[in-house]
Amino acid sequence: MLAEETDPLLRSYAHHCLGVVFRDAGRISDALDQLQLGLLAARDAHHGDRERDVRATYGVALALGGQTDAGLSELRSALEGATGESGAKVRMRYAGVLAVLGRYDDAATSMRVALAEMVGSKDVDWVARTRVWLGHLELRLGRIDVAEREILEAEEMLRHSGATLQWLAAVENLAEIAVARGDLATGLRSYADAIAAYEAAGHPPRHELVVLYADTAMAAGLSADASTLLESHHAVASLTPVEEAELDLRRSAAFLAIGDTHRATASARAARTKFRDQRRAWFELRASLAEVRARASSGEAAGLSRKAREVAAALHAEGGVEAASALILAGKLSAADARRALWHEASAYRSSPNGLVRAAAWLAAAYERESQEDARGVLSASAAGLRAIDEHRRLMGSSELRALATTHGRELTEIVLRHAAHDPRTLLRWSERTRATALAQPPATSDAAVIPASLAALRDNGRRLAEARQAGEPTEDLERERLRLERAVRTESHTISADSDPQRPASAEEVVAGVGDGCLVELVDVDGVLHVLVVHKGRVRRKVAGTTKEVADLLGPASMLLRRTARGRPASTADVGQRLQQAILGDAARIIPDGPVVLAPTARLHGLAWSLLPTLRDRPYGVVPSAGQWLRATARRRPEERRTLLVAGPDLESGGAEVPLLAERHPDAVLLDGRDATLAAVLEQLDGADLAHLATHGHFRADSPLFSSLDLADGPLTVHDLERVRTAPYRVVLSACESGVLAPVGAEELLGLAAALFSLGTAGLVSSVAEVNDAATAELMVGLHDALARDEAPAQALLEVRRAAADDPVASGTAAAFVALGV
């Protein structure tokens, strides 16, 4: 048109269109050039509404380029003399720039006026876009119901108008509303669907969509995922200066969450400088908070207290959702006389509709009570804060998200345990309240009969990877495909909403009554020191043992000795075992009565081969995530149909030698080996089995515990697969290396193969926590099953196995690597 058209009115439209395209591509300088030409053409055409329309777009481009004062000036000029529908369109853009500046009240007022002026307009797209903007602003102002009403109206209009990209903007806002209501799973699903829809339409996702998706991932505890998403976006997106500043702020939060305080500080400073230059005070304040948080986390204290108080006071004055956490941080950095007042101000947010804000406010109340030496008040405030965290994760169907979400309550857990430690029963109560809570709720999964396409593809990829490695073929492409499929499976799992409520934690009285004449030993980490609770015959006694650092320093040597033994080079474990016992149990070892013991260790100690400890070597013991989980396991009724499943996976050094022998002892058992040991067949037979024995290679994934797996004929059986079983097998024996290793995540939560079985309802599990010798394992498993066939409990059966292997160093080391989990 510009090459051929001389009519100034038409030329103004052409320049205007080019300006919009350049602006949305992040080419602000080119956009401004085109819009200036469009203004000149509109003026030559003597068309007032046309000139005001172009000027309004010019003002928006200036604002997005960081020239916010100039942009607002142009928009005010465009408003002069503007009336009717054209005036409403100018006002809508003026309100949008006010929103960019963080002036949400003023923006909402102008947006409502614009919408009222558009009543009766036939331009459906503009009316709908104005409703989307108004819904966005109402949400920012905390009026969630009003926001949802506006967005739903707009979504309905846009769905039928064919304006795909504008419709997707409405969908994004609905996702944000779900998150505001605490339904992170729905929010994650909606954001993922929106990104897929953009890709299907041939467009990159909007910048706002990416950062909101990252915000939601952060709220769900997926900090590494959020950081990866933001860094990928930063590398490929064409951003306006306004968007660059917003991205720097989000990157700072993500860097801090993954522990990179240097980059967190640098990104926050960059964001603060850009926001200041853009006259965006609302955002500059939040960048200042991000900088204070990053500097405080890096240990920097000089001059930080005053800055922290200034930022916190400003946020508190406007009632921002960040105010409670900012006031808590300012209190920590301030002198004692100012600390209590800041925490008191933070506690005022206890009625916030946002669960994480409520949790922060109750944490502040707990700190305030602590400063007043009010232990009862600390426990009461902490209980309320933990309830807020529970509410935050209540709708999460993914076991990974539920576990990670407890990260937000870590400080509450630390303070409550510190103040409960004075009394053994009180400490037991709060230890149970704060550990392995994610296992008290079964995973919400789809029908087990339907295999999700992403899981099926991942299993096929695993089979092809194994074949390629065995044949010595290149695997780079298959590895890249595996990572892509794992991301798809995780993303899909995160979008599942919960379909059941968690069971309440066991009370101290219930635990004491359940233990009866037996013995429970529960380990509690209180400020880096292990407290040992011994429950026996109605009493709860407490002893203080070593530090968690002392124990951590011994875990490596213990694991190395077991690994050497598994490889045929046995070494004595007596010294490291004695040192472990002293560090973990201390004087409590002397008050543990003779007989069976149930151990409830801290999350980080679940991977220990407990029979290395002298006091446990020659007694039956079972390991549980919590006493509450043990009580649930003991209450599980054994199936009336005593169906046994035996599985032999591929490529075992022993060839699964124990399985044929076990099949002779269990003539009615279902045997799956060779090509018959497929994932579908194994899952079908696991469902409701009395006893399942799986002799397969196992792989523990510390980087992503839900992809820990067992090798089957057609690929790996992962935790994601196990979580689709309708009725958990009563007891399971996993003879693979490291099949019982659990990853500690969040605050005293566990993820892995064993954790998945516990959350489904499996009562007992025998598995290894270290590398084992295949040949020795095969023989030990036969002895284990002989004991189980005599109705011995798994803990007693393993004791008999350890005694039988005592004279063979390799067999003895292998037996030590197996533990009985549950009952």
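Check the entry above for the structure.
No experiment lies behind these values; they were computed from the predicted model shown.

The rules behind each value
Residues numbered from 1 in each chain as written. Predicted model: local features only at pLDDT ≥ 70, side-chain atom pairs only at ≥ 80, totals over all residues. Heavy atoms only, no water. Helix = DSSP H or I, 4+ residues; strand = E, 2+ residues; numbered from the N terminus. Rg over C-alpha atoms; globule rule 2.2 N^0.38 Å. Buried < 20%, exposed > 50% of the residue type's maximum accessible area, 1.4 Å probe, protein only. Contact = heavy atoms within 4.5 Å. Core = buried A, V, L, I, M, F, W, Y, C linked by side-chain atoms within 4.5 Å. Phe/Tyr/Trp six-rings, centres within 6.5 Å; stacked < 30°, edge-to-face > 60°. Lys NZ or Arg CZ within 6 Å of the ring centre and 35° of its normal. Pairing = 2+ DSSP bridges. Patch = residues over 30% accessible without salt bridge, like charges linked within 9 Å, V, L, I, M, F, W, Y side chains within 5 Å. Areas by Shrake-Rupley, 256 points an atom, 1.4 Å probe, with all protein chains shown as cover. Salt bridge = Lys/Arg side-chain N within 4 Å of Asp/Glu carboxyl O. Axes fitted to C-alpha atoms, helices over the stretch in contact; angles between N-to-C directions. Parallel < 35°, antiparallel > 145°, perpendicular 65-115°, else oblique. Nonpolar A, V, L, I, M, F, W, Y, C, P; charged D, E, K, R; others polar. Expected span 1.5 Å × (residues − 1). Polar contact = N/O pair within 3.5 Å; in protein donor to acceptor, adjacent residues only side chain to side chain. Left-handed = near helix turned anticlockwise from the far one by under 90°.

Thoughts on the overall build of the chain
A tally of regular secondary structure across the chain gives 37 helices and 16 strands. Over its C-alpha trace the chain gives a radius of gyration of 31 Å, about what one expects of a compact globule, namely 28 Å for 823 residues. Along the longest, intermediate and shortest principal axes, the C-alpha atoms of the chain span 100 × 65 × 45 Å. Here the chain holds 823 residues, and the buried ones make up 56% of them. Of the contacts formed within the chain by residues at least 6 apart in sequence, a portion of 68% connects residues at least 24 apart.

Overview of the nonpolar core
If you look at the biggest cluster of nonpolar residues, it comprises 122 residues, and the most contacted ones within it are Val-521, Leu-580, Ile-584, Leu-585, Trp-610, Leu-694 and Leu-784. Once residues within four sequence positions are removed from consideration, Leu-585 is found in contact with Val-521, Leu-523, Val-532, Ala-545, Leu-580, Ile-592, Leu-613 and Thr-615. Listed in part, the 64 residues of the second largest apolar core include Ala-366, Leu-379, Val-416 and Ala-508.

Considerations on the environment of Arg-189
Relative to the assigned elements, Arg-189 resides in helix α10 (residues 184-200). When the C-alpha positions of Arg-189 and Tyr-213 are compared, they lie 9.7 Å apart, and in sequence the two are 24 residues distant. When sequence neighbours within four positions are dropped, the list of residues in contact with Arg-189 reads Thr-495, Ile-496 and Ser-497.

Topic: the packing of aromatic side chains
According to the stated counting rule, one finds 5 aromatic pairs in the structure shown. A centroid spacing of 4.8 Å and a plane angle of 70° characterise the contact between Trp-282 and Phe-283, whose relative ring orientation is edge-to-face. One aromatic cluster is present, formed by Tyr-104, Phe-275, Trp-282 and Phe-283 through successive ring pairs. Positioned over the ring face of Phe-283 is Arg-280, at 4.4 Å from the centre of the ring. A cation sits over an aromatic face here: Arg-286 above Trp-282, 3.7 Å from the ring centre.

What about the pairing of strand β11 (residues 715-718)?
The pairing of strand β10 (residues 709-712) with β11 spans 4 bridges and is classified as antiparallel. Note on β11: the bridge partner recorded for Ser-709 is Thr-718. Two successive antiparallel strands, β10 and β11, enclose a turn made up of 2 residues.

Describing a nonpolar patch on the surface
A contiguous nonpolar surface patch, about 300 Å² in accessible area, is contributed by Met-1, Leu-10 and Tyr-13. For Met-1, a relative accessible area of 58% gives the class exposed.

A look at the side chain of Ser-267
Position of Ser-267 relative to the elements: it lies in helix α14 (residues 261-277). Given the relative accessible area of 7%, Ser-267 is considered buried. Contacts of Ser-267, omitting those with residues within four sequence positions, involve Asp-248, Arg-251, Ser-252 and Phe-255.

So, the sheet that holds strand β9 (residues 698-699)
Taken in spatial order, the 3 strands of this open sheet run β9-β10-β11, and their pairing is antiparallel. Pairing within the sheet leaves two strands with one partner each, and these edge strands are β9 and β11. As paired strands, β9 and β10 are joined by 2 bridges and run antiparallel to one another. In the strand pairing of β10, Gly-698 is matched with Leu-710.

Points about the environment of Ser-347
Within the secondary structure layout, Ser-347 lies in the loop between α18 (336-346) and α19 (355-371). Along the backbone, Ser-347 and Tyr-367 are 20 residues apart, and their C-alpha atoms lie at a distance of 9.6 Å. Contact partners of Ser-347, with chain neighbours within four places excluded, come to Ala-361, Ala-364, Ala-365 and Glu-368.

Quick notes on the pattern of salt bridges
Under the defined criterion, the tally for this structure stands at 66 salt bridges. Here Glu-300 ties to Arg-295 by a salt bridge, and the two come within 2.8 Å at their closest N and O atoms. Between Arg-463 and Glu-467 there is a salt bridge whose closest N-O contact spans 3.2 Å. Here Glu-467 and Arg-463 lie together in helix α24 (residues 453-471), a separation of 4 residues that amounts to about one turn.

A look at the packing of helix α3 (residues 48-64) against helix α5 (residues 84-100)
Contact pair α3 / α5: the axes reach a minimum separation of 10 Å and the direction vectors enclose 10°. The angle between α3 and α5 places the two elements in the roughly parallel class. Along the contact surface, α3 presents Asp-49, Arg-52, Asp-53, Ala-56, Thr-57, Val-60 and Ala-63, while α5 presents Ser-86, Val-90, Arg-93 and Val-97. Each residue belonging to the contact of α3 with α5 can be placed in one class, and the counts come to 5 nonpolar, 2 polar and 4 charged.

A few points about the side chain of Thr-615
Structurally, the position occupied by Thr-615 is in helix α29 (residues 614-617). Those residues in contact with Thr-615, other than ones at most four positions away along the chain, are Gln-581, Leu-585 and Ala-589.

A word on helix α35 (residues 774-789)
The end-to-end C-alpha distance of α35, which contains 16 residues, comes to 23 Å, matching closely the 22 Å that a straight helix rising 1.5 Å per residue would cover. Restricting attention to buried positions, one finds in α35 the residues Asp-774, Ala-776, Thr-777, Ala-778, Leu-780, Met-781, Val-782, Leu-784, His-785, Ala-787 and Leu-788. Its side-chain oxygen at 3.1 Å from the backbone nitrogen of Ala-775, Asn-773 defines the N-terminal cap of α35. The positive-phi residue at the C-terminal boundary of α35 is Asp-791, with phi of around 65°.

Some points on unusual backbone geometry
Even without being a glycine, Arg-279 presents a positive backbone phi close to 60°. Turning to its location among the elements, Arg-279 is positioned in the loop between α14 and α15 (281-297). Despite not being glycine, Asp-527 shows a phi value in the positive range, around 55°. With respect to the helices and strands, Asp-527 occurs in the loop between β1 (519-526) and β2 (529-536).

Concerning the pairing of strand β12 (residues 731-734)
Alternating residues of β12 divide into Arg-731 and Val-733 and Val-732 and Leu-734, and every residue in both groups is buried. Where strand β8 (residues 691-695) and β12 come together, 4 bridges link them in parallel fashion. Across the sheet, His-693 pairs through a bridge with Val-733, a residue of β12. With 3 bridges joining them, β12 and strand β15 (residues 764-768) adopt parallel strand pairing. Within β15, the residue paired with Arg-731 across the bridge is Gly-764.

A short note on the packing of helix α20 (residues 375-393) against helix α22 (residues 410-420)
For the pair α20 and α22, the least separation of the axes is 9 Å and the interaxial angle reads 150°. Judged by the inter-axis angle, α20 sits roughly antiparallel to α22. When you trace α20 past α22, the crossing you get is left-handed. Note on element contacts: α22 touches α20 through Leu-412, Thr-413, Ile-415, Val-416, His-419 and Ala-420, opposite Ala-375, Val-378, Leu-379, Ser-382, Gly-385, Leu-386 and Ile-389. Class assignment for the residues of the contact of α20 with α22 results in 9 nonpolar, 4 polar and no charged.

Re α24
Every α-helix winds through 3.6 residues per turn, so residues three or four apart in the chain are directed the same way. Across its 19 residues, α24 extends 27 Å between first and last C-alpha, which sits within 8% of the 27 Å expected from 1.5 Å per residue. Residues of α24 that are buried: Ser-454, Leu-455, Leu-458, Arg-459, Asn-461, Gly-462, Leu-465 and Ala-468. Of the surrounding secondary structure, the elements contacted by the buried residues of α24 are α25 (476-494), α32 (679-686), β11 and α33 (719-722).

As for the environment of Ser-454
As for its placement among the helices and strands, Ser-454 is situated in helix α24. Relative accessible area serves as the criterion here: at 12%, Ser-454 is assigned to the buried category. In contact with Ser-454, not counting residues within four places along its chain, are Leu-485, Ala-488, Val-489 and Glu-492. Here the side chain of Ser-454 touches Glu-492 through a polar contact of 2.9 Å, side chain to side chain.

Functional significance is not addressed by these values, which are geometric in nature.
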